[in-house]
Amino acid sequence: MNTPAPSKTTEAEATQTFCAVCLSLTLCFVVYSMLIVVVPVYGLQLGASPLVLGAVLSAQYLLPLALAIPLGGVVSRFGGRATLITGAGLMVAGLLAMHLWPGFGGLVLGQLLVGLAHLQMVLAAQTIIANLGAGPRLEKYFGWYSTWLSGGQVIGPLLAGLLLNASGTAYVFLVMAAFALVAGVVGFWLTGQSTERIQVTRKQAGFRAQWVLMQSNRGVQLSVLVTVLGMFALGVYGSYLPVYLESLAISPVIIGILVSLRAGVSMVIRPFMASIIQLAGGRVNTVLLSLVTVSAGIALLGATEQVVVMGLLAVLVGIGSGLTQPLSMVILAESVDRAKRSGALGMRLMANRAIHFLAPLMFGLLLELGGFALAFGASGVAIAAALPIGRKLFKP
């Protein structure tokens, strides 16, 4: 089936669309990161055992794992704006379910709906931005987009803590629902190509089509590899660094600073991604540089008990992870044509969610076998071992 030529997007439309999608997704990530704090607290208040709490926390990933690729076809058929707005409405519904249906039933239903809504909004946003440009222009767009989202990830936990301290869980889900509602309203400001629909068949956008694309397209292979390695590092760092620091009897304030330092460095470096690519001599060198810094930062974490050294390693992880995710999106966006872009981005997000789910389990097994030094060291070495694969995929 032929893909209709996209309409010409003016500079004003591109700017308006970019600002709207960044604001909408920032609010989405504020809600999503608030839940990271609120759900464990609420679950413990309900008397959840560690096993039950783990199941509740994992519920967010179930529907995204199954529906990421089909949702790529939905974005193409109905347009980025409609998909994003619908996703925001779904998020509101999930948060209201948690508020109006106290107990595990409402919590699990809400987690399922919010997880699906978050995937839908992210996929729509990435597709919209991918259609705004190419080359250095696209690098800047994705760099700034990632910066906005990092800001939401910083604000969310702080806001959740303040609300929980002030009123417990009584109104926190309603506040989050209000943020999600505003995110949907902002979506109506999207214009240009974000409103266009592309007629795609299941043959073009289904699981088999994405598997064929993954086998035949080196750019897609590289994008998925980069995002998997980056998310593996973040999963290990975010899940187990606080546990390691707690085992060293380091104060909660220092733990918070070290955890936030990584996110802060990633947020600061992303707007300069296009300039960094130019200074590094191209995307090949930048991808390798980012993976080397992530690998070194993770591998050495378990070998030191010095807070200052850990801070320097957190900076390395922040630099590498700050570049891997937007680079992955740019590489994929320029490797497939417009009709296949949403489905390919959906496949990338499915891999993203899968490794985010598996990384803590894999690290936990290594930790059980040999302690933190082995677990962090082996994780860093595993990332470094994939570097030759990445270099090979870059070759014509």
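All values derive from a computational prediction rather than experimental measurement.

Trainee: For the overall build of the chain, give the residues involved together with the corresponding values.
Mentor: The number of helices and strands found in the chain is 15 helices and 0 strands. Its C-alpha atoms give the chain a radius of gyration of 20 Å, within 12% of the compact-globule value 21 Å for 396 residues. C-alpha extents for the chain along the principal axes are approximately 60 × 50 × 35 Å. Taken across its 396 residues, the chain has 54% of its residues classed as buried. When contacts within the chain are restricted to residue pairs at least 6 apart in sequence, long-range pairs at least 24 apart make up 84% of them. For the chain, the distance from the average position of its 21 positive side-chain charges to the average position of its 9 negative side-chain charges is 11 Å.

Trainee: Describe the side chain of Gln120, listing the residues and the values that go with them.
Mentor: Take Gln120: it is sitting in helix α4 (residues 104–130). Each residue touching Gln120, except ones within four places of it in the same chain, is listed here: Leu71, Thr83, Thr86, Gly87 and Leu90.

Trainee: Can you explain the environment of Gly320? Please cite residues and give values.
Mentor: Position of Gly320 among the secondary structure elements: in helix α13 (residues 307–333). For Gly320, a relative accessible area of 0% corresponds to the buried category. Those residues within four positions of Gly320 in sequence are excluded, and the remaining contacts are Ser290, Thr293 and Val294.

Trainee: Lay out the confidence of the model for the chain with the relevant residues and their values.
Mentor: Overall, the prediction assigns the chain a mean pLDDT of 81, with 90% of residues at 70 or greater. The secondary structure element of the chain with the lowest average pLDDT is helix α7 (residues 202–205), at 58, and the one with the highest is helix α6 (residues 172–186), at 95.

Trainee: Before we move on, can you summarise the side chain of Gln126 with the specific residues and values?
Mentor: Mapping Gln126 onto the fold places it in helix α4. Once residues lying within four places of it in the same chain are set aside, the contact partners of Gln126 are Phe142, Tyr145, Met329, Leu345, Arg348 and Leu349.

Trainee: Give a detailed account of the packing of aromatic side chains, specifying residues and quantitative values.
Mentor: Under the definition given, this model contains 5 aromatic pairs. Where Tyr42 meets Phe173, the ring centres are 5.5 Å apart and the plane angle is 70°; that geometry is what we call edge-to-face. You can see Tyr42 sitting in helix α1 (residues 11–45) and its partner Phe173 sitting in helix α6, a full 131 residues away along the chain. Taking the relative accessible area as the measure of exposure, Phe173 reaches 1% and is therefore buried.

Trainee: Break down helix α3 (residues 80–100) for me, citing the residues and quoting the values.
Mentor: Between its terminal C-alpha atoms α3 stretches 30 Å, which fits the 30 Å expected from 21 residues at 1.5 Å a residue. All of the buried residues along α3 are Gly80, Thr83, Leu84, Ile85, Gly87, Ala88, Met91, Val92, Gly94, Leu95, Ala97 and Met98.

Trainee: A description of a nonpolar patch on the surface should follow, citing residues and the corresponding values.
Mentor: Taken together, Leu23, Trp144, Trp148, Leu181, Val185, Phe188 and Trp189 make up a surface patch of nonpolar side chains, about 730 Å² in accessible area. When residues of the nonpolar patch are traced back to their parent elements, those giving at least two are α5 (135–167) and α6. The class for Leu23 is partly exposed, based on a relative accessible area of 31%.

Trainee: Talk me through the packing of α1 against α5; I want residue IDs and the actual numbers.
Mentor: Running from N to C, α1 and α5 cross one another at 35°; their axes reach a closest spacing of 7 Å. In this structure, α1 meets α5 at a crossing whose hand is right-handed. When its residues are assigned to classes, the contact of α1 with α5 shows 22 nonpolar, 5 polar and 2 charged.

Trainee: Hey, could you go over the packing of α5 against α13 for me, with residue numbers and the actual values?
Mentor: Two elements in contact, α5 and α13, have axes separated by 9 Å at closest approach and are oriented at 145°. Relative to α13, the crossing made by α5 is right-handed. Where α5 approaches α13, its residues Leu138, Glu139, Phe142, Gly143, Tyr145 and Ser146 are matched on the opposing element by Pro326, Met329, Val330 and Ala333. Across the contact of α5 with α13, the residue classes break down as 7 nonpolar, 2 polar and 1 charged.

Definitions and cut-offs
- Residues numbered from 1 in each chain as written.
- Predicted model: local features only at pLDDT ≥ 70, side-chain atom pairs only at ≥ 80, totals over all residues.
- Heavy atoms only, no water.
- Helix = DSSP H or I, 4+ residues; strand = E, 2+ residues; numbered from the N terminus.
- Rg over C-alpha atoms; globule rule 2.2 N^0.38 Å.
- Buried < 20%, exposed > 50% of the residue type's maximum accessible area, 1.4 Å probe, protein only.
- Contact = heavy atoms within 4.5 Å.
- Lys, Arg positive; Asp, Glu negative; His and termini not counted.
- Charge placed at Lys NZ, Arg CZ, Asp CG, Glu CD.
- pLDDT = per-residue confidence, 0-100.
- Phe/Tyr/Trp six-rings, centres within 6.5 Å; stacked < 30°, edge-to-face > 60°.
- Expected span 1.5 Å × (residues − 1).
- Patch = residues over 30% accessible without salt bridge, like charges linked within 9 Å, V, L, I, M, F, W, Y side chains within 5 Å.
- Areas by Shrake-Rupley, 256 points an atom, 1.4 Å probe, with all protein chains shown as cover.
- Salt bridge = Lys/Arg side-chain N within 4 Å of Asp/Glu carboxyl O.
- Axes fitted to C-alpha atoms, helices over the stretch in contact; angles between N-to-C directions.
- Left-handed = near helix turned anticlockwise from the far one by under 90°.
- Nonpolar A, V, L, I, M, F, W, Y, C, P; charged D, E, K, R; others polar.

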